[in-house]
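Fold and contact review
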Amino acid sequence: MASQIVSVRLGERSYAIRVGSGLEGLAEFVRQCSRPSLVFVITDTNVSDHSQGVAEPLRRTGLNVQSFVLPPGESQKSLENASRLYDFLAEHQADRRSLIVAVGGGVIGDLAGFVAATFARGLSLFMVPTSLLAMVDSSVGGKTGVNHPRAKNLIGAFHQPCGVWIDTDFLVTLPEREYRSGLAEVVKYGMILDPTLFEYLEQHAEAILRRDPNHLRHVIARCCRLKADIVEQDEQETTGLRAILNYGHTFAHAFETVGGYATWLHGEAVSAGMVCAARLACDLGLASIELTERQEHLLRRFGLPLRPLPWSLDGLLRVMHSDKKAVAGRLRFVLPRRIGHVELIDDVSEQAVRAVLQGLMDDAKLVARP
Ligand SMILES: NC(=O)c1ccc[n+]([C@@H]2O[C@H](COP(=O)([O-])OP(=O)(O)OC[C@H]3O[C@@H](n4cnc5c(N)ncnc54)[C@H](O)[C@@H]3O)[C@@H](O)[C@H]2O)c1
Ligand SMILES: [Zn+2]
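Residues numbered from 1 in each chain as written. Chains lettered and ligands numbered in written order. Predicted model: local features only at pLDDT ≥ 70, side-chain atom pairs only at ≥ 80, totals over all residues. Heavy atoms only, no water.

**Observations concerning the overall build of the protein chain**
Assigned secondary structure in the protein chain consists of 14 helices and 11 strands. The C-alpha radius of gyration of the protein chain comes to 21 Å, within 12% of the 21 Å expected for a compact globule of 370 residues. Taking the principal axes of its C-alpha atoms as reference, the protein chain extends roughly 60 × 45 × 45 Å. Expressed as a percentage of the 370 residues in the protein chain, the buried residues total 56%. (Helix = DSSP H or I, 4+ residues; strand = E, 2+ residues; numbered from the N terminus. Rg over C-alpha atoms; globule rule 2.2 N^0.38 Å. Buried < 20%, exposed > 50% of the residue type's maximum accessible area, 1.4 Å probe, protein only.)

**A look at the environment of alanine 364**
In this fold, alanine 364 is placed in helix H14 (residues 350-368). Accessibility expressed as a relative area gives 26% for alanine 364, which makes it partly exposed. Counting along the chain gives 58 residues from alanine 364 to leucine 306, while the straight-line C-alpha distance between them is 9.3 Å.

**Notes on the domain arrangement of the protein chain**
As far as domains go, the protein chain holds domain 1 (4-171) and domain 2 (175-370). Computed from C-alpha coordinates alone, the two centres of domain 1 and domain 2 are separated by 28 Å. Each partner contributes residues to the interface: domain 1 has 25 residues there, and domain 2 has 27 residues. When domain 1 packs against domain 2, close to 2400 Å² is buried across both sides, 64% of that on carbon and sulfur atoms. The three residues of domain 1 that bury the most area against domain 2 are Leu132, Val136 and Phe158, which together make up 25% of that side's buried surface. (Domains from an automatic or database assignment. Contact = heavy atoms within 4.5 Å. Buried area = accessible area lost by both parts, 1.4 Å probe.)

**Section: the pairing of strand E1 (residues 4-8)**
Where E1 and strand E2 (residues 15-20) come together, five bridges link them in antiparallel fashion. Across the sheet, residue glutamine 4 finds its bridge partner in E2, namely valine 19. (Pairing = 2+ DSSP bridges.)

**Regarding the side chain of glutamine 295**
Inspection of the secondary structure puts glutamine 295 in helix H12 (residues 289-301). If sequence neighbours within four positions are ignored, glutamine 295 has contacts with Met191, Phe198, Tyr247, Met274, Val275 and Ala278.

**Details of the packing of aromatic side chains**
In total, this model carries 10 aromatic pairs according to the counting rule given. Ring geometry for phenylalanine 29 versus phenylalanine 126: centroids 5.9 Å apart, planes at 70°, classification edge-to-face. Of the two residues, phenylalanine 29 sits in helix H1 (residues 26-33) while phenylalanine 126 sits in strand E6 (residues 124-129), which places them 97 residues apart along the sequence. For the pair formed by phenylalanine 29 and phenylalanine 126, the shared burial category is buried. Of the aromatic side chains, those joined through ring pairs into one cluster are Phe251, Phe255, Trp264, Trp311 and Phe333. Directly above the aromatic system of tryptophan 165 lies the positively charged group of arginine 18, at a separation of 3.7 Å from the ring centroid. (Phe/Tyr/Trp six-rings, centres within 6.5 Å; stacked < 30°, edge-to-face > 60°. Lys NZ or Arg CZ within 6 Å of the ring centre and 35° of its normal.)

**Observations concerning the pattern of salt bridges**
Counted according to the given criterion, the structure contains 25 salt bridges. For glutamate 176, the salt bridge is made with arginine 180, and the minimal N-O distance between the two is 2.6 Å. Of this pair, glutamate 176 and arginine 180 are both found in helix H6 (residues 176-193), four residues apart, which corresponds to roughly one turn of the helix. Assessed through its relative accessible area of 23%, arginine 180 is described here as partly exposed. (Salt bridge = Lys/Arg side-chain N within 4 Å of Asp/Glu carboxyl O.)

**Some thoughts on the sheet that holds strand E9 (residues 163-167)**
Read from one edge of the open sheet, seven strands run E1-E2-E9-E6-E5-E3-E4, paired in mixed fashion. For this open sheet the edge positions go to E1 and strand E4 (64-70), each flanked by a neighbour on one side alone. Strand after strand, the sheet turns through a mean of 15° between neighbouring axes, direction not considered. Across five bridges, the pairing between E2 and E9 is parallel. Of the residues in E9, the one forming a bridge with valine 19 is isoleucine 166. Along the sheet face, H1 touches E1, E2, strand E5 (99-104), E6 and E9 and points at about 165° away from the line of E9. Along the sheet, helix H4 (residues 106-118) makes contact with strand E3 (38-44), E4, E5 and E6, crossing E5 at roughly 165°. (Axes fitted to C-alpha atoms, helices over the stretch in contact; angles between N-to-C directions.)

Listed below in structure tokens is the structure:
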């Protein structure tokens, strides 16, 4: 089955993302971007079988490959674990020519990427994302980091990988809820940048839910291309362009903070957040009802949440006011005008936001009534 290559053009930091099925050609692909002295594979217990599949062909080319396996979960993205990894690298005499290979979801990618960015002032990093979210989002763009007790991703660095290898076969073992959660970010790309991708998702929703490799390859490569286009123009989040990737995320962040991170997976919060953003756009006269309905219909088919749980409106608003995008008491949102096009809208009134949240929470009560 043919694979696709997505090129991320960032001058000296350019790299290729391979999207395909299987591991054939992996060792050659790694060699094209790095000639490492030593290889360190960092992974978690849920995907350690996949990581062995990655290490095997590298060993066969004569490379010395060491593995470090962490428990799974967001709490692993810590400075303590970064420090344990520094110890491990130092013990094994890692040097500037060593290669870090991250095999896992966004947690492993962010943590291993941060270690690669900081150990010995920077080691080469090769990403092998295994979750759908990591394939379409976190492994592209060079953001790495760990959490601080006070905030997620507070400590971090930009560090581009030298290559990304996406094997859609890895998704076979991804839990259903994690998979659907990743689909929310896929829908997001359609909404913010690509009406054709959105239509493709509508037309092939069943095949995508079945994780059909041909459809997955097309969708994942398209999402990587769209993210790469933005990253190429705004590598370090300085021009504001990268902000459109936050569509649905101001609401999502409030749901995650008020509802607790255990209630919903990130993509589930993003799904309900995109519903809120589209309804807000509709109320403000920016978008049509048809847009909100099409988006909700697709998210429903993907089994994603469409409305917030009955959280405190005051609590949600408080978080939104403290969001990076809120400037001097005004609320800013990335809102859709049509499918495939969003804009950063300043000065949204708190009243309009409350009305959207209240309306959706009331809807939920109606649905729940027998
Ligand atoms: N750097 C960025 O640009 C960026 C962007 C978005 C999100 N993130 C970060 O990514 C993280 C979320 O990523 P995630 O959703 O991949 O979470 P994750 O890494 O925790 O993976 C989710 C779960 O699925 C498991 N898993 C992953 N792949 C699997 C597979 N193929 N088979 C079986 N189990 C598998 C993991 O072990 C974990 O239990 C967050 O920390 C977030 O901050 C970073
Ligand atoms: Zn997200």
